[in-house]
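# Overview (structure and organization)
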Amino acid sequence: MAKGRGSAMMATMVLCLVAVMVQCEAATYVVGDDNGWTFNVDGWEKGKNFNAGDVLVFKYAKGSHNVVAVDEGGYYGCDVSPYDAKVYTSGNDQITLVKGNNSFICSFSDHCNSGMRLLISAS
């Protein structure tokens, strides 16, 4: 009888492990799809469901743009805020979303005002 309970317990553990693995799979999104991180990308996020752990890939010509992870004030004001905001410059930046709002801008002159900004809400 102990053998039967052990098999059932093992099967339950395997099912739980599979369920956790399925939930842990993060999605990867290329910002702007085929156009990449460029002007007028603001709004690209509409209709998508983002979760904490998902990865955004910002593709752009290195030296032409950057990606700055800003707070909401930086997003709405198109400025680097907070002052120690993380700046990405590789041209193929991969950023993992955290739960809540995630805001990004390009800090090059007038790029943010030309639509190079995103505000992503992750569950």
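Now for a quick tour of the structure. (Residues numbered from 1 in each chain as written. Predicted model: local features only at pLDDT ≥ 70, side-chain atom pairs only at ≥ 80, totals over all residues. Heavy atoms only, no water.)

### Observations regarding the pattern of salt bridges
Spelled out, the test is: Each salt bridge in this description consists of a side-chain nitrogen of Lys or Arg and a carboxyl oxygen of Asp or Glu lying within 4 Å of one another. In this text, helices come from DSSP runs of H or I with a minimum length of four residues, and strands from runs of E with a minimum of two, each type numbered from the N-terminal end. The rule is simple: take the accessible area with a 1.4 Å probe, protein chains only, and divide by the maximum for that residue type; under 20% is buried, over 50% is exposed, in between is partly exposed.
Counting across every chain of the model gives one salt bridge. Two residues, R117 and D42, come together in a salt bridge whose shortest N-O distance is 3.7 Å. Note that R117 is positioned in strand β7 (residues 117-122) and D42 in the loop between β1 (28-30) and β2 (55-59), a separation of 75 residues in sequence. Looking at D42, the relative accessible area reads 32%, which means it is partly exposed.

### As for the sheet that holds strand β6 (residues 100-105)
Our working rule: Should DSSP find at least two bridges between two strands, the strands are taken to pair. A fitted line through C-alpha atoms serves as each axis, taken over the contacting stretch for helices, and the angle formed by two N-to-C directions is quoted from 0 to 180°.
One open sheet holds the four strands; their spatial order is β4-β3-β6-β7, and the pairing between them is antiparallel. Of all the strands in the sheet, just β4 (86-88) and β7 have a single pairing partner and so form its edges. Strand-to-strand, the axes of this sheet are offset by a mean angle of 25 degrees, without reference to chain direction. Taken together, the three bridges between strand β3 (residues 67-70) and β4 define a ladder with antiparallel strand orientation. In the sheet register, V68 faces β4, and the bridge partner there is V87.

### Looking at the nonpolar core
The line we're drawing: Here, nonpolar core refers to any group of buried Ala, Val, Leu, Ile, Met, Phe, Trp, Tyr and Cys residues whose side-chain atoms link them within 4.5 Å.
Counting 19 residues, the largest nonpolar core has W37, W44, L56 and F58 as its most contacted members. Only β2 and β7 provide two or more residues apiece to this core. When residues in this core are grouped by element, the largest group, three residues, is from β7. Residues V68, A85, I105 and C112 belong to the second largest nonpolar core, which totals eight residues.

### Quick word on unusual backbone geometry
Here the amide bond leading from S81 into P82 is cis, since omega sits at 10 degrees, within 30 degrees of zero. Looking at the element boundaries, P82 is found in the loop between α2 (72-77) and β4. Look at D33: it is not a glycine, yet its phi comes out positive at around 50 degrees. Here D33 is to be found in the loop between β1 and β2. Since its relative accessible area comes to 45%, D33 is described here as partly exposed. A positive phi angle, near 60 degrees, is found at N40, a position not held by glycine. In this structure, N40 sits in the loop between β1 and β2. Relative accessible area serves as the criterion here: at 64%, N40 is assigned to the exposed category.

Function cannot be read off these values alone, since they describe shape.
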